[in-house]
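Given next are the chains, with one letter for each unit.
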Amino acid sequence: MTGRIRDEAIRTVRERASLSEVVSDVVALRRRGRSAVALCPFHAEKTPSFTVSEERGFFHCFGCGEHGDVFAFVMKTQSLTFPEAVHRVADRFGVPLPEEAGEPARRREPLTAANAAAAAFFQVELRGPGGGRARAYLRERGLSEELIERFGLGWAPGAGEVLARHLRAKSVPLEDALTAGLVMRRDRPDGAGGVLDRFRERIMFPITDTSGKVIAFGGRILPGRPASGEPPPKYLNSAESPVFRKGHTLYGLALARDAIRKTDRAIVVEGYLDVIALAQAGIGEVVAPLGTALTAEQLRLLRRFTETVIACFDGDLAGRRAAARSFPVFLEAGLWGRGAFLPAGEDPDTFVRAQGRVALEGVLAAAEPLVEAFVGALAGPKGDAVGRHAEAAREVARLLKRVREPHEFDVLVRLAAQRLGVREETLRSEGAPGVAPAAAPDEPHAPGAEAMLVELMAEDATLAERVAACGIIAEFQHPEWRRAAEALAQRDETERQARLEALPRDIRERVVRRLLEERPDVERERVLADCIAHIRRRGPRGEERRVRDEIRAAQARGDSEAVEAAMRRLKQLMDETQAEKART
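Residues numbered from 1 in each chain as written. Predicted model: local features only at pLDDT ≥ 70, side-chain atom pairs only at ≥ 80, totals over all residues. Heavy atoms only, no water.

(A) Looking closely at the pairing of strand β12 (residues 214–220). Among the seven residues that make up β12, seven are buried, leaving the element largely enclosed by the rest of the structure. Sheet topology places strand β11 (residues 202–208) next to β12; six bridges connect them, and they run antiparallel. Bridging from a neighbouring strand, Phe-205 pairs with Gly-218 of β12. In this antiparallel pair of consecutive strands, β11 and β12, the connection spans five residues, and Gly-212 shows a positive phi of 95°. Both β12 and strand β13 (residues 235–237) contribute to a ladder of three bridges, which runs antiparallel. Paired with Gly-219 across the bridge in β13 is Leu-236. (Buried < 20%, exposed > 50% of the residue type's maximum accessible area, 1.4 Å probe, protein only. Helix = DSSP H or I, 4+ residues; strand = E, 2+ residues; numbered from the N terminus. Pairing = 2+ DSSP bridges.)

As structure tokens, then:
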């Protein structure tokens, strides 16, 4: 992509695209009234619950809750980013797509071009006379020529300025080569400056973004390489740059994403050769971090493709501890995660080459939920002090506050209570999230004025702008609905679509049913006015209720000063209410 896609261009593509045509590439649609239905492509079902409204431009599954527009459908079925999906749909329907070049885009393009030139150079060097030792090593590791070519492996010669000279010959500006981390400045003893290739005498592994563009490199020294003085690091990665952030990138993802989508799982291994060895064994849905522990950003990247992520660990005590440490990171990314434990001393590369794919599949099938490793590590050996278990329970409670899926919350509570010897009720109470997404206190019956306004905002972007403009969102009392309303007030098309899909499922269901019922605009206007009026009328009542709650809480903890302050505030509110009644 060359820049940010303008909002008006996105709207044009959306208006000209046929959602039904795009969906029909994946599932067979059948007309039903003004909409169409099909078996959902996102979950197994026997009765169609997947609905497509061409007129309104959205799809929705009443079985699994998947929802979105034409771009969302392409993103989900083809594992693309939003900009990639917009380009794909625009190309299909012949819509020109002007972009805003922007400073980030102008900085990225020359760097990706420099990296592409370097990748081609390294590949030629591997096939040439100087790459003989590297080719022999790769053959020893069992890599086929087809795999070497598919992953774009190469060889960096040992002479200090070979790549630098090649890039100059290809008219790659020196500053771009420096920024991309391909070369580095050096000071010569005679005082003259110059540049030096960053990678020398290393097997080169191109690192790509999700679209397959080379953004960085990893280089591995050959075993037995003679070294004078301080031995060089076994692996060396490119320095971070405007196109490359180590903690946000996964090795092999561009090649793995189709397999991940097909198998609905992703396997995370440690190194480059692990990825390639598994791919050669026929397991293509495999990726690796770049020499560091998995980050939440990397896992969020994977979550775009699947929610089933299996991380491989050594089966010894250190591997178990690593699995335990990874669970909070998975949870931060919104994933539960599983751990596959290999025999001690083995890694995926050596294991699959020695034992074969069937044996490795057995290890993967036996993968354990990472939550078990996490709780087991907290509990420690039997007979540990009660104090340790109390601290472990507090750690679980802190983690529970980040769990939004009820089933996962229950699993973690039950498992932790059993292993730590504490009461489930205690963990549930201490780990409960701040506010549950329920109706507001004075609206016990569905759906409530705030929820209804959120529905209307999700249904129509123009209504969302009007709700935001009138300032009523600031008067929302329910945090969940306020966050949803603030998100839907976003004008950015990309952000708005993402926020809409992130709404609680029950809201999305009501929005879809409202749209499919084709209610007249006059009714929407009436509901909009009624909801705004209701929220504004209840202001003093809601504030009084909150102050009364503060009084009860302060009394329970014996805080007399807080009780007195809250009582004064309550009296002030009651006086204001009486004065308002007298005026009316």
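Having seen the model, we can carry on.
(B) Examining helix α6 (residues 132–140) more closely. Along α6, the positions that sit buried rather than exposed are Ala-134, Tyr-137 and Leu-138. Each buried residue of α6 lies within a common arc of 100° when the element is viewed along its axis, so the set occupies one face. Every exposed residue of α6 that faces more than 90 degrees away from the buried side is listed here: Arg-139 and Glu-140. (Arc of directions from axis to C-beta.)

(C) Seen up close, the pattern of salt bridges. All chains considered together, the criterion is met by 18 salt bridges. Between Arg-92 and Glu-21 there is a salt bridge, and its shortest N-O distance comes to 3.3 Å. Pair noted here: Arg-92 is in helix α4 (residues 82–92) and Glu-21 is in helix α2 (residues 19–24), with a separation of 71 residues, a long-range link. Judged by relative accessible area, which is 39%, Glu-21 ranks as partly exposed. Residues Glu-84 and Arg-257 are paired through a salt bridge, measuring 3.7 Å at the closest nitrogen-oxygen approach. (Salt bridge = Lys/Arg side-chain N within 4 Å of Asp/Glu carboxyl O.)

(D) Quick peek at unusual backbone geometry. A positive phi angle is found at Ser-171, which is not glycine, with a value near 65°. If you trace the backbone, Ser-171 turns up in the loop between α8 (162–169) and α9 (174–179). Classification of Ser-171 as exposed rests on a relative accessible area of 63%. Non-glycine residue Asp-264 carries a positive phi angle of around 55°. Residue position: Asp-264 is located in the loop between α10 (253–263) and β14 (266–268). Assessed through its relative accessible area of 44%, Asp-264 is described here as partly exposed.

(E) How the structure looks around empty space enclosed by the protein. Taken as a whole and judged by the stated rule, the model has one cavity of 30 Å³ or more. In this structure, the largest cavity occupies an estimated 50 Å³ of space. Forming the boundary of the largest cavity are Ala-164, Leu-167, Arg-168, Val-172, Pro-173, Leu-174, Ala-177 and Val-183. At the level of secondary structure, the elements contributing two or more residues to the lining of the largest cavity comprise α8 and α9. A total of three residues in the lining of the largest cavity trace back to one element, the largest contributor, which is α8. (1 Å grid on protein atoms, 1.4 Å probe; cavity = no way out; pocket = protein on both sides within 12 Å on 5 of 7 lines; lining within 4 Å. Points joined across faces, edges and corners; volume = space filled by probe spheres on them.)

(F) Looking closely at the nonpolar core. Residues Leu-153, Phe-217 and Tyr-251 are the most contacted members of the largest nonpolar core, which totals 65 residues. Among the elements that line this core, the one with the most residues is helix α5 (residues 102–127), at eight residues. Formed by 46 residues, the second largest nonpolar core is a distinct cluster that contains Leu-294, Phe-341, Leu-399 and Ala-417. (Core = buried A, V, L, I, M, F, W, Y, C linked by side-chain atoms within 4.5 Å.)

(G) Quick look at the packing of helix α20 (residues 449–459) against helix α22 (residues 479–488). Viewed as axis vectors pointing N to C, α20 and α22 meet at an angle of 20°, and their least axial separation amounts to 10 Å. With respect to α22, the element α20 is oriented roughly parallel. For the pair α20 and α22, the sense of crossing is left-handed. Where α20 abuts α22, its residues Glu-450, Ala-451, Val-454, Met-457 and Ala-458 lie against Trp-481, Ala-484, Ala-485 and Leu-488. Taken together, the residues that form the contact of α20 with α22 break down as eight nonpolar, no polar and one charged. (Axes fitted to C-alpha atoms, helices over the stretch in contact; angles between N-to-C directions. Parallel < 35°, antiparallel > 145°, perpendicular 65-115°, else oblique. Left-handed = near helix turned anticlockwise from the far one by under 90°. Contact = heavy atoms within 4.5 Å. Nonpolar A, V, L, I, M, F, W, Y, C, P; charged D, E, K, R; others polar.)

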